[in-house]
Number of protein chains: 2
Amino acid sequence: MTLTTSSTNRVAGGTLTKYTFPSASLGGLSTAVNVYVPDGATAAPVLFYLAGLTCTEDTGAQKGGLFNSAGKEGIALVFPDTSPRGAGVEGEDADWQLGTGAGFYIDATAEKWKKHYNMYSFVVDELPRVLKEAKLGLDFSRWSITGHSMGGHGALSIYLKNPGLFKSASAFAPIANPAVVPWGIGAFGAYLGGEASDPAPAAWLAHDASHLLANSSAPKGSLHLLVDVGTADQFLTAGQLTPEALERAAAARGADGELQLRRQEGYDHSYYFISTFSPEHVAFHAKYLKA
Amino acid sequence: MTLTTSSTNRVAGGTLTKYTFPSASLGGLSTAVNVYVPDGATAAPVLFYLAGLTCTEDTGAQKGGLFNSAGKEGIALVFPDTSPRGAGVEGEDADWQLGTGAGFYIDATAEKWKKHYNMYSFVVDELPRVLKEAKLGLDFSRWSITGHSMGGHGALSIYLKNPGLFKSASAFAPIANPAVVPWGIGAFGAYLGGEASDPAPAAWLAHDASHLLANSSAPKGSLHLLVDVGTADQFLTAGQLTPEALERAAAARGADGELQLRRQEGYDHSYYFISTFSPEHVAFHAKYLKA
C-alpha cells in the first residue's frame, strides 16, 4: 500500500502529516488520515482519536488540543476519518446521523452499505497495518484509543472487543449504550439490520460498550477506562449518551477501579469541552503506554 | 449598550460567552465577540486575541489553544471579529484580502469604507468600554494584546500606538511592516488612500509596527514584545511578513531586550503553529499582567 502525502505541518515539536490511500475495507475508496509523530521517534506509542458525527480526520487535530501533551509525552497521534467518502449509497448524504460522516466504527452487513461502510475493520486492522508497513516510527505494541461521541462509542467498543490489543481507552461524551438510544438504533438498524428490542439484537450488542464491559472476559483489573461527560451536554439531556449504563456495566462486571467516569459540571458536547480535558486523557494513556 | 448573549460554553475552568451588540464604530452593524472569564474572576487581567484574514471571532477560540494556559493563570481572553459584517460596500466580498474578514484593525478614511470599517477604534475604544460597562469581571488596568498575521499587525501596531495602555504585546507571524508589503499596500491603499511610495504615506506608517517601533517615544526598556514566526511559513516566503523589519526597527530604537523574535524551524502559517506556541505567549503576557 502506498501512502500519498497530501499535507505536512509542524506542530508541538513534531510533524503532522495527512496521508491518503485507497482503502480495501472502504471498498477501494480513497481515505485520509492525519498522523502526528514527535521528533526523533523511532518507536513511539500510538494513540488513535476517533471523531464524532459530521467530523473528519481534521476535526480532532484542529480543535482537540491534544498535540502539546502528546509531544511532551512522546506519543504519536492518529486521526482517521469518520466514514467512507463518496460511496454513492442512496441516502448517504441525506441525514447527518447516517452515511457520510457517520460510519459508527462498525462493519455493515446490510447489502446496501456493506461494500464501503466498514470502519471497524478499517480502524482495527487496515489502518494500523498500513501505518506499520509505512515505517513511520510507530510502535503498535503500545497502542491506546480515545474518541468523542460516536467516536467515544468507537473507542470504548473497539477496546472492549479486542482484549489485550490496546493498553487503555478513553472517551469524551461517548454514546455509551448505543443499542438502546436513538443514534445507535438508527445506525445499527441501517448498517446491521434488525430492530430495537429488549434485549437488543445480538449484532448490535456486539458493538455496545456497556454490554461489552458488563460481559468482558478480560481479567479483572486489567481494563483501563477514562470517560468524561459534561453535565450540560445537550445530547446527555436528550438521552443519547447514557453514561449511567457504563457505570451499571462496571458494577455488573464487579472489578473496582477499571472505569473512571467523571461528570464535568456545566460542560457541553463541544470541542471546548474536549480541549479542556484532552491533556488529562493524554496523561492517562501515557501512564499505560509508557509503563 | 446592551450585550446579547448568543452562546455560552464551559471551557478550561471558566466560561466562554459569545456576545453580540450593535457597534457604533462599525456603523451600527451587529458584531460578535467571544469573551472567556475564568471562574471566580472579579478583576481578571485581559488578553485580546486579534485573528487574521478570513477569520472570525471563533477562529482563535476554536483552534488557538489558549484556554488551558489562560485558565491556569487566571487571565480573561477576548476574541473580536476581524471586520464589520454586512456593510454592503461594493466589492467587500470579492477579495479575501479586503473588506469582509479583512478589517486590518485600522479606521478607514476613504469615503467608501469609512462608515463601517473602523476596527482600530472598535478594538482600542469601543469594545473595552462596552465590556467594562457590562461588568464581566475584567480589569482593563491590566490589559495585553496578541494576534496572528493581519491580527499580529493589529496587536503590534495597536500596542505601539498607545504607550502605556497595554502591559505587553505578542504576535504569531505578523505582517510586521505592512506599509511596504502587498497585503498592507492593498488594504492601506483602499482604506486610507494613497499609493505605495518610499517613504510610504504617513497615514500608512501610522499603522506600521516596524515604523512605530523604530520611532516609539516609550521609555527605553518599557516595551514588552514577543513575536514567533515559522521558517516554513508560506507568507514569509512570499514576502508578506518581513520580521527582519521589526529587528531593524528594534536595533534603530536602540533598547535591548524589548523584542524577542523567534524563528520557529519548519513551522508554517497555520493554527498548528499558533497552538504549539500559544501557551508560551500566555505565559509571556502573564508575567506582565500579573506583575
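The rules behind each value
- Residues numbered from 1 in each chain as written.
- Chains lettered and ligands numbered in written order.
- Predicted model: local features only at pLDDT ≥ 70, side-chain atom pairs only at ≥ 80, totals over all residues.
- Heavy atoms only, no water.
- UniProt positions renumbered as here; feature names shortened; annotations may be inferred.
- Buried < 20%, exposed > 50% of the residue type's maximum accessible area, 1.4 Å probe, protein only.
- Helix = DSSP H or I, 4+ residues; strand = E, 2+ residues; numbered from the N terminus.
- Arc of directions from axis to C-beta.
- Contact = heavy atoms within 4.5 Å.
- Expected span 1.5 Å × (residues − 1).
- Bend = angle between axes of the 7 residues up to and from the residue.

The name given to chain A in an unreviewed UniProt entry is S-formylglutathione hydrolase, with Vanrija humicola as the source organism. Check the Subcellular location (unreviewed entry) section of the UniProt entry for chain A; it says "Cytoplasm".

Trainee: Even after reading the chapter, I still don't get helix 5 (residues 182-192) of chain A, so can you show me in this structure?
Mentor: An α-helical turn contains 3.6 residues, so a residue and the one three or four places further along point in the same direction. All names here are of chain A. Turning to helix 5, its buried residues number three or more, namely Trp183, Gly184, Ala187, Phe188, Tyr191 and Leu192. Relative to the axis of helix 5, the buried residues are bounded by an arc of 100° and lie together on one face. Positive phi appears at Gly193, one or two residues downstream of helix 5, with a value of about 80°.

Trainee: I tried to follow the UniProt feature "active site" (unreviewed entry) in chain A on my own but got confused; where do I start?
Mentor: Residues and elements named next belong to chain A. Here, UniProt's "active site" (unreviewed entry) annotation points to Ser149, Asp233 and His269. Separation in sequence by 121 residues is not matched in space for these annotated residues, since their most distant C-alpha atoms are only 10.7 Å apart. Relative to the helices and strands, Asp233 is located in the loop between strand 8 (225-230) and helix 8 (234-237). For Asp233, a relative accessible area of 0% puts it in the buried group. In this structure Asp233 touches Ala173, Leu241, Tyr267, Asp268 and His269, once residues within four positions along its chain are discounted. You can see His269 is positioned in the loop between strand 9 (259-264) and helix 10 (271-289). Once residues lying within four places of it in the same chain are set aside, the contact partners of His269 are His148, Ser149, Ala173, Asp233, Gln234, Phe235 and Leu241.

Trainee: Explanation requested: the environment of Asn68 of chain A in the structure shown.
Mentor: The residue Asn68 of chain A is located in helix 2 (residues 67-73) in this model. Asn68 of chain A sits in the partly exposed class, given a relative accessible area of 22%. On a C-alpha basis, the gap between Asn68 of chain A and Val35 of chain A in space is 14 Å, while along the polypeptide they are 33 residues apart. Setting aside residues no more than four positions away along its own chain, Asn68 of chain A makes contact with Ala12 of chain A together with Ser275, Thr276 and Pro279 of chain B.

Trainee: Got a minute to help me understand helix 3 (residues 119-133) of chain B in this structure?
Mentor: All names here are of chain B. With 15 residues, helix 3 extends 20 Å from end C-alpha to end C-alpha; this agrees with the ideal 21 Å at 1.5 Å per step. At Glu126, helix 3 shows its maximal kink, close to 35°; a proline, Pro128, follows between one and four residues later. Those residues of helix 3 not exposed but buried are Met119, Tyr120, Phe122, Val123, Val124, Glu126, Leu127, Pro128, Val130 and Leu131. Each element contacted by the buried residues of helix 3 is listed here: strand 2 (14-22), strand 3 (30-38), strand 4 (44-50), strand 5 (76-80), strand 6 (138-147) and helix 4 (150-161). Positive phi appears at Lys135, one or two residues downstream of helix 3, with a value of about 50°.

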